[in-house]
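Observations on the three-dimensional arrangement
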Amino acid sequence: MSKFKVLIADYTYSTLEPEQKILETADAEMITAQCRTEEDVIEAAQGVDGIICQYAPITKKVIDQLDNCKIVARYGVGFDTIDVPAATEKGIMVTNVTDYCLDEVSNHAFALLMACARKVVQLHESVQNGTWDSKIAKPIYRLNGQTLGLIGLGNIPQSLAVKAKAFGLNILAYDPFVSTDLAKELGVKLVELDELCAESDYISVHPPLNKHTEGMISDNQFKAMKETAYIINTSRGAVIDEAALIRALEENEIAGAGLDVLETEPIAQDSPLLSMSNVIINPHSAYYSVESELELKQKTAQNVADAISGKVPVYLVNQDVVHA
């Protein structure tokens, strides 16, 4: 009989073999569920020593019912589905995986930027619909010498900045937590958000979702942008006020958008965004490659294996829990 029990509260993967192999090294039995509600998690998590989750809500209500749990480990970079203060108060570690998809997301953000800049999807769809006419994409502007504004300058946008500079883009960034020394090293100019919105030809959104960043890109920011500007989002949908984005697009305040994430996922079929030819929408897929998925699964499981074995996980979010 295994010494520990670990719940995978929800998942979208075809196999959990990588997680199982790692958890077995810590003498842990893996149990699985597909929890959608707080009640689902509370029922499935009785007596567990650790939880791995993807989108399941790990709220204060859930955490208050966890008697033996040492760790809640999320598949992914963001952890907005977990009440971190409540977990910390209960002495439960919270972990994520910050570095499993740096290339994938930065590449995807740049792919969306390029698709917007060169109107690749619009041209493809016109050919599919029987129109062979390059003029429908006009105007297209030369990328070299234009400005990319990065909202957030963490690991992923840092990677994006390096790639964008190779295409001759000038880089601005807004991030109150980043030093001017780091920005200078990357060849990035730090500016305030209003200046970034006004000066950028392309804006790529990267902050984590929290109470400070929810809806931070709204009407005032869109009104400050150029009419020729495109906004790209591979972070979290709710960082952009979606109603304000729709208004900006309908009123031609900006030229278009490339969105891998939305406020509500999947997108509602009556969303105006679906009928806009200048909007590219992907189904929250920027993180994915065969290699990144395996890395995510292994590192998430290792976080749990470390915690239940008495070690401090590498990707600990709430450092205070260790020092409490």
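Residues numbered from 1 in each chain as written. Predicted model: local features only at pLDDT ≥ 70, side-chain atom pairs only at ≥ 80, totals over all residues. Heavy atoms only, no water.

On the basis of which strands lie adjacent, the open sheet formed by 7 strands has the order E8-E7-E6-E9-E10-E11-E12 and parallel pairing. Of all strands in the sheet, those with a lone pairing partner are strand E8 (189-190) and strand E12 (279-281), marking the two edges. Inspection of the sheet shows strand E6 (residues 147-151) paired to strand E9 (residues 202-205) by 4 bridges, in the parallel sense. Across the sheet, the residue bridging to Gly149 is Ile203, located in E9. Its contacts with the sheet put helix H11 (residues 242-250) on strand E10 (230-233), strand E11 (256-259) and E12, and the angle it makes with E11 is roughly 145 degrees. (Pairing = 2+ DSSP bridges. Helix = DSSP H or I, 4+ residues; strand = E, 2+ residues; numbered from the N terminus. Contact = heavy atoms within 4.5 Å. Axes fitted to C-alpha atoms, helices over the stretch in contact; angles between N-to-C directions.)

Once that is clear, we can look at the nonpolar core. Counting residues in each nonpolar core, the largest one holds 30 residues, and the members touching the most others are Val6, Leu23, Ile52, Tyr75, Val304 and Ile308. Breaking this core down by element, the ones donating at least two residues are strand E1 (4-8), helix H1 (17-25), strand E2 (28-32), strand E4 (71-74) and helix H12 (290-308). Grouped together as the second largest cluster of nonpolar side chains are 29 residues, Val191, Met225, Ala248 and Leu249 included. (Core = buried A, V, L, I, M, F, W, Y, C linked by side-chain atoms within 4.5 Å. Buried < 20%, exposed > 50% of the residue type's maximum accessible area, 1.4 Å probe, protein only.)

This brings us to the packing of helix H5 (residues 102-118) against helix H7 (residues 155-165). At a minimum axis distance of 8 Å, the contact between H5 and H7 shows a crossing angle of 55 degrees. The angle between H5 and H7 falls in the class oblique. Crossing hand, H5 versus H7: right-handed. Of the residues in H7, those in contact with Leu102, Asp103, Val105, Ser106, Asn107, Ala109 and Phe110 of H5 are Asn155, Ile156, Ser159, Leu160, Lys163 and Ala164. Split by residue class, the contact of H5 with H7 holds 7 nonpolar, 4 polar and 2 charged. (Parallel < 35°, antiparallel > 145°, perpendicular 65-115°, else oblique. Left-handed = near helix turned anticlockwise from the far one by under 90°. Nonpolar A, V, L, I, M, F, W, Y, C, P; charged D, E, K, R; others polar.)

Under the criterion given, the structure shown has 4 aromatic pairs. Taken together, a centroid distance of 5.0 Å and an interplanar angle of 75 degrees make the contact between Tyr13 and Tyr75 edge-to-face. Note that Tyr13 is positioned in the loop between E1 and H1 and Tyr75 in the loop between E4 and helix H4 (84-89), a separation of 62 residues in sequence. Residue Tyr13 is classed as buried on the basis of its relative accessible area, which comes to 8%. Taking 4.7 Å as the distance between ring centres and 55 degrees as the angle between the ring planes, the aromatic pair formed by Phe110 and Phe167 counts as tilted. Here Phe110, found in helix H5, pairs with Phe167, found in the loop between H7 and strand E7 (170-174); they are 57 residues apart in sequence, far enough to count as distant. Residue Phe110 is classed as buried on the basis of its relative accessible area, which comes to 9%. Residue class for Phe167 comes out partly exposed when judged on its relative accessible area of 42%. (Phe/Tyr/Trp six-rings, centres within 6.5 Å; stacked < 30°, edge-to-face > 60°.)

Between its terminal C-alpha atoms H12 stretches 28 Å, which fits the 27 Å expected from 19 residues at 1.5 Å a residue. Within H12 the residues assigned to the buried category are Ser292, Glu293, Leu296, Lys297, Thr300, Ala301, Asn303, Val304, Ala305, Asp306, Ala307 and Ile308. Phi for Gly310, located one or two positions after H12, is positive at around 90 degrees. (Expected span 1.5 Å × (residues − 1).)

Read these as layout, nothing more, since geometry by itself doesn't imply function.
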